[in-house]
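One-letter residues, chain by chain:
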Amino acid sequence: MSNEKDQQHPLYSRDRALINNLLNGEINDYNLAELARLRIRYYGFPGARDIQQDLDKVLQAWNLTQEELYEKTRQIHSRGLAYKSRAKRQDTEDWS
């Protein structure tokens, strides 16, 4: 039994809003990339349990496994399309 308390992720508030959008959003390249990015960010994180559960809900709602999600996003990123329209400059990416 662990005595460690759950931690608060420093990007929780910003990510919470993104995840709420994903819960109500549709499958598209941007949302797939965001879902994969957030799953990687929160994988194994000792806290933000609600976010982790909601990321699982999005996967289930979109009828995807984690492996399928990552395969799709690898394809999206290989084409350079995930964040192209949202980047301030064409050569920037958001890895925050």
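Scroll up for the structure.
Now for a quick tour of the structure. As the structure is a computational prediction, the values presented were derived from the model and not from experiment.

1. A short note on the overall build of the protein chain
Inference 1: The helix and strand inventory of the protein chain stands at four helices and zero strands.
Inference 2: Helices and strands in the protein chain line up, N terminus first, as α-α-α-α.
Inference 3: Here the protein chain holds 96 residues, and 35% of them are scored as buried.
Inference 4: Pairs at least 24 residues apart make up 69% of the contacts formed inside the protein chain by residues separated by at least 6 positions.

2. Focus: helix 2 (residues 29–42)
Inference 1: With 14 residues, helix 2 should cover 20 Å at 1.5 Å per step; its first-to-last C-alpha distance of 20 Å lies within 8% of that length.
Inference 2: Residues of helix 2 that are buried: Asn31, Leu32, Ala33, Glu34, Leu35, Ala36, Arg37, Leu38, Arg39, Arg41 and Tyr42.
Inference 3: The opening residue of helix 2, the one whose side-chain oxygen lies 3.2 Å from the backbone nitrogen of Tyr30, is Asn28.
Inference 4: At the exit of helix 2 stands Gly44, carrying a positive phi of roughly 75°.

Rules and cut-offs
- Residues numbered from 1 in each chain as written.
- Predicted model: local features only at pLDDT ≥ 70, side-chain atom pairs only at ≥ 80, totals over all residues.
- Heavy atoms only, no water.
- Helix = DSSP H or I, 4+ residues; strand = E, 2+ residues; numbered from the N terminus.
- Buried < 20%, exposed > 50% of the residue type's maximum accessible area, 1.4 Å probe, protein only.
- Contact = heavy atoms within 4.5 Å.
- Expected span 1.5 Å × (residues − 1).
- Polar contact = N/O pair within 3.5 Å; in protein donor to acceptor, adjacent residues only side chain to side chain.

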